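# Tertiary structure, described
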Amino acid sequence: MKLFRFVFFFTLTVAVGIALNSKIGVVPPMGKFLSPFHGFWQNAENEPIDIPTQINSDFLSAPVNVHFDEQFIPHIYAQNESDLYYTQGYVTAYHRLWQMEFQLLAADGRLSEILGKGALNYDRSQRRIGMGYAARNGIELFQKEEPELFKIIEAYTAGVNDYISSLKFEDLPIEYKLLDYKPEPWNTYKCFLFLSNMQRALSFGDADLQNTNALKLWGREVFDILYPEKFASTDPIIPKGTALDFQPIEAPAPDSSYVLEFTNPFIEKPDPDNGSNSFIVGSQKTANGKVILTNELDLNLTAPSIWYLIHLNTPEMNVMGASFPGIPLIINGFNDSIAWGETNSRADVVDWYSIEFKDESRNEYRYNGNWVPTRKEIEKFEIKGESPYYDTLIYTHHGPVVYDKNFTINPEKVNLAMKWNAHNPYKEFKAFYTCNKGNNYDDFVEAFSNYSGPAQNISFASTSGDFGIYLAGKFPLKWNEQGRFLMDGSNANHEWKGFIPYEHNPHVLNPEHGFASSANQYPVDSLYPYYIYDNSFDQYRGRRINDRLRVMEQVEVEDMMKLQFDNFNYLAFESLPMMLDSLDSASIAGVELEYYSKLMDWDYFNEADREAPSIFKTWWDNLRSKLWDEIDSADVRLSKPGWYNTYNVLRNFPDFEMIDDKRTSEKESTGDLYRITFKETVEELEEYLKTEGNELTWYKFKNTTIRHLLRLDPFSTNQVRVGGYRSIVNAASEQHGPSWRMVVELGDGEVNAWGVYPGSQSGNPGNPTYGHLIEDWGVGNYKKLLFERALNTESDGIVHSVQLEPGS
């Protein structure tokens, strides 16, 4: 089967008529690619692990043992930290080298080097938003203030490079051969660039410019209906009524707080569903008196997987969990004393400023009544098969000028600088290093005092019984609505007023009701004194989780797993009854009656084998499309209101002006919208079913796909049998969802953990284990994680062992 993937892709490649040993676009020299001794055939592996059992390295100071278990998770036992992180780099590169490098070429704006000119605009956007700028700032701070910890990153880098040095062409991952390039040496810059990439995925989802367009186009009254900041139904992360134990810092607003200019931002934003669920139950709610922590990280469903599972052990530390291929340490996991997980806080840490240059030279810009010098950098872009491209980047004290006369689709010249928390020097590595070694809540809190972003709701539990959530990250101190709209870059009063003190960040420890949870919802109630804003706080998953946790008693590990796979569709539960009530059931007949009956009989659970979820999704999509057609067709970029906003307008503003279709002479009502779109839905689905193989079974209809990073179908897995959807606790949608699920039970001095993810440790499509956990992930078949300070390699399910020794 694995060999078939290669042959199939080869057939597709040959079909385009490429002559042997010619290079056109990104197609490799076929003679080299097809060589039975060096080409893609060498990537078909007979054994799950073929790493040598004995490896020597001049870097090491003592022997290191690595044991791979039945899930092919490496358990690294080293005598010191330097050797430990060297080995982490080595074994991660063994399984994931191409993924590690490719994702960072993308982050650094260098895809044009291997994919050609078609990637140039993407590359330009990556450099213009300051991905490399942020990484360089991080390195500078870390080398200066944390030289001992910097050695960890150097050790990881050395391990990756030693693995790269061991490879011949025939050993390279197949993607290098397909794209005809070789891995370059790893460096510490790439590790810090990975942190920039985390920020890009999890803190770059602002809508300031779209908000400004909407405010200028429609005015304040309409804007507030379309984009309310808060809803009364929100069940916040920090329980309502939680007392404050600090004196807040004031952030007075200036007389003029935003600039009304039309803009057309076009840089791709991260998936708005990037988020996660985490919930913990205390000992008073569990059957055995232990604490149970869960975490589900909802991100893109990619092959290779975003995560790499690993166990790290020295005489002073024993920690296990999910790591990112490309950086050391454990990001999400547990040790002998504590467990922790993350959900994205979604707080707005990106602001935009309108810049006025003195003249066409752009050497100076207006600020605080003066002309202030800019800083310029010439960026060189190497392009495969073509001459280099050069771009001039302008920097202000706010940050880089992202949109200007050289990078715009605006009819008028608008210069927009971006202030992003990610550009500030950071110490995320210190945060996770300290947390990996933590023993209690105080250690945990101290660890994440070093954390800047992307801001996360960090869940915590310990063997002592403590549990809670702390919002970690640097949150700008803002006046009300600061940064919600475009600001004046010349006005010193529009600057951030500093940052909210870490101890003022929202947090809760051992809440009285016996549980804590976060699911990307608004974090606090009205008692919290600081301004926290985002345009995409989730309104459904947090409410569903808390609804269940309030009534759950005598909780066991299996109950927490079941809740992670909860498929209740809160959107349908609230919206579908009013949609169905608008239809005249007496006049519905034929095929429309069949669809109507399926919806009427539905219990609102998006189970994998149901048809009603497919009908509801199509109807809801058509309804939103028709309701917000004025937004979709506007001449400037606007944000379409989210699902809950849409429900809120339909339910509470029946006379809202956008409900009426201005293209007709009649004044349409919400009922008209429901009736029209129901008929359109039936017609659309009946047409869909005419194609052979199409059906309404939910998992087939939504087609959850684990997509290879190069979007190659033979290396991807589609139609995964899994229920759920966006804004459902089991948030598996088309190409997005739970990228890692973890359940940890702590108490009586013991830690037990289970997990599953949609992929495999190996990133090689020719490996017999490639994607072997996808089916288990879809149905909720968790794997018990082997976590011991000392392994019995004869009886603990170890399938392969490696010893690394000092010396050549």
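Residues numbered from 1 in each chain as written. Predicted model: local features only at pLDDT ≥ 70, side-chain atom pairs only at ≥ 80, totals over all residues. Heavy atoms only, no water.

Phe334, Trp340 and Phe448 are the most contacted members of the largest nonpolar core, which totals 181 residues. The biggest single contributor to this core is helix α3 (residues 81-107), with 15 residues. Excluding residues within four positions of it along the chain, phenylalanine 448 makes contact with Trp340, Ala431, Phe432, Cys435, Ile458, Ala472 and Tyr502. Membership of the second largest hydrophobic core comes to 55 residues, among which are Ile225, Tyr595, Ile615 and Leu627. (Core = buried A, V, L, I, M, F, W, Y, C linked by side-chain atoms within 4.5 Å. Buried < 20%, exposed > 50% of the residue type's maximum accessible area, 1.4 Å probe, protein only. Helix = DSSP H or I, 4+ residues; strand = E, 2+ residues; numbered from the N terminus. Contact = heavy atoms within 4.5 Å.)

Before going further, it helps to spend a moment on empty space enclosed by the protein. Summed over the entire model, instances satisfying the criterion amount to seven cavities of 30 Å³ or more. Roughly 80 Å³ of volume is contained in the largest cavity. What lines the largest cavity is a set of 13 residues, among which Leu571, Phe616, Lys617, Trp643 and Tyr725 lie closest to the centre. The element contributing the most residues to the lining of the largest cavity is helix α18 (residues 612-627), with five residues. (1 Å grid on protein atoms, 1.4 Å probe; cavity = no way out; pocket = protein on both sides within 12 Å on 5 of 7 lines; lining within 4 Å. Points joined across faces, edges and corners; volume = space filled by probe spheres on them.)

Further remarks concern the side chain of glutamine 126. Its location among the elements puts glutamine 126 in helix α5 (residues 120-128). A residue is classified by how much of its surface remains accessible, and glutamine 126, at 1% relative accessible area, is buried. Polar side-chain contacts of glutamine 126 include one of 3.2 Å to the backbone oxygen of alanine 106. Excluding anything up to four places from it in sequence, glutamine 126 contacts Ala106, Ala107, Gly109, Met131 and Arg200. (Polar contact = N/O pair within 3.5 Å; in protein donor to acceptor, adjacent residues only side chain to side chain.)

The next subject is helix α16 (residues 570-581). The end-to-end C-alpha distance of α16 is 18 Å, a good match for the 16 Å that twelve residues give at a rise of 1.5 Å each. Among the twelve residues of α16, nine are classified as buried, and the element is accordingly described as predominantly covered. Among all positions in α16, only Tyr570, Leu571, Ala572, Glu574, Ser575, Leu576, Met578, Met579 and Leu580 are buried. Check the buried side of α16 and you find it contacts α14 (541-551), α17 (590-600), α18, α20 (643-652) and α21 (670-688). Where α16 begins, one side-chain oxygen reaches toward the backbone nitrogen of leucine 571, 3.2 Å away; that side chain belongs to asparagine 569. (Expected span 1.5 Å × (residues − 1).)

Relative to strand β15 (residues 386-395), strand β14 (residues 375-383) runs antiparallel, the two sharing eight bridges. When the bridges of β15 are listed, glutamate 377 appears paired with leucine 393. Between the end of β14 and the start of β15, which pair antiparallel, lie two residues, with glycine 385 showing a positive phi angle near 80 degrees. (Pairing = 2+ DSSP bridges.)

Bringing the environment of threonine 408 into the picture now. Locating threonine 408 in the fold gives a position in the loop between β16 (401-403) and β17 (416-420). Considering only alpha carbons, one finds threonine 408 and lysine 269, 139 residues apart in sequence, at a separation of 16 Å.

Another aspect to go through is the pairing of β17. A large share of β17 lies buried, amounting to five of its five residues. Residues Leu416, Met418 and Trp420 point to one face of β17 and Ala417 and Lys419 to the other, with burial holding for every one of them. The pairing of strand β11 (residues 350-354) with β17 spans five bridges and is antiparallel. Residue pairing in the sheet places tryptophan 352 in a bridge with methionine 418 of β17. Looking at chain direction, β16 and β17 are connected through two bridges and run antiparallel. Bridging across to β17, tyrosine 403 finds its partner in leucine 416.

Glancing now at α20. Taken across its ten residues, α20 has eight buried, putting it largely inside the fold. Within the span of α20, buried status applies to Trp643, Tyr644, Asn645, Thr646, Tyr647, Asn648, Val649 and Leu650. Considering only its buried residues, α20 is in contact with α11 (220-226), α14, α16, α18 and α21.

All right, on to the pattern of salt bridges then. With the rule as written, the count across this model stands at 48 salt bridges. Its salt-bridge partner being aspartate 404, residue arginine 128 comes within 3.4 Å of it at the nearest N-O pair. On the criterion of sequence distance, the pair formed by arginine 128 in helix α5 and aspartate 404 in the loop between β16 and β17 is long-range, its members being 276 residues apart. Residue classification places arginine 128 among the buried residues on the basis of a relative accessible area of 0%. The partner of lysine 290 in a salt bridge is glutamate 750, and the shortest N-O contact between them spans 3.5 Å. Residue lysine 290 is located in the loop between β4 (275-281) and β5 (291-300), and its partner glutamate 750 is located in strand β25 (residues 750-756); the two are separated by 460 residues in the primary sequence. For lysine 290, a relative accessible area of 11% gives the class buried. Overlapping salt bridges, with partners in common, bring together Glu101, Arg110, Glu113, Glu184 and Lys190 in one network. (Salt bridge = Lys/Arg side-chain N within 4 Å of Asp/Glu carboxyl O.)

This part covers the sheet that holds strand β26 (residues 783-784). On the basis of which strands lie adjacent, the open sheet formed by six strands has the order β22-β4-β5-β24-β25-β26 and antiparallel pairing. A strand with exactly one partner marks an edge of an open sheet, and here the two such strands are β22 (515-518) and β26. With two bridges connecting them, β25 and β26 associate as antiparallel partners. Counterpart to tryptophan 754 in the pairing with β26 is lysine 784. Relative to the sheet, α14 contacts β4, β5 and β22, its axis offset from that of β22 by approximately 165 degrees. (Axes fitted to C-alpha atoms, helices over the stretch in contact; angles between N-to-C directions.)

Going through the model one piece at a time under the given rule, you end up with 57 aromatic pairs. Feature note: the residues Phe231, Tyr540, Phe568, Tyr570, Phe573, Trp602, Tyr604, Phe605, Phe616, Trp620, Tyr644 and Tyr647 constitute an aromatic cluster, connected by ring pairs. Across from the ring centre of phenylalanine 381, 3.9 Å away, lies the NZ or CZ of arginine 127, which sits over that ring. (Phe/Tyr/Trp six-rings, centres within 6.5 Å; stacked < 30°, edge-to-face > 60°. Lys NZ or Arg CZ within 6 Å of the ring centre and 35° of its normal.)

Taken over all residues, the pLDDT of the protein chain has a mean of 93, while the share at 70 or more is 94%. The low-confidence segment residues 1-26, where pLDDT is below 50, has 56 contacts with residues more than four positions distant or belonging to other chains. (pLDDT = per-residue confidence, 0-100.)

Here we take up the packing of α3 against helix α9 (residues 188-203). Relative orientation of the contacting elements α3 and α9 amounts to 65 degrees, with a least axis distance of 9 Å. Considering their axes alone, α3 and α9 lie roughly perpendicular with respect to each other. For the pair α3 and α9, the sense of crossing is left-handed. Along its contact with α3, which presents Glu101, Gln103, Leu104 and Ala107, the element α9 presents Lys190, Leu193, Phe194 and Asn197. For the contact of α3 with α9, a count of residues per class yields four nonpolar, two polar and two charged. (Parallel < 35°, antiparallel > 145°, perpendicular 65-115°, else oblique. Left-handed = near helix turned anticlockwise from the far one by under 90°. Nonpolar A, V, L, I, M, F, W, Y, C, P; charged D, E, K, R; others polar.)

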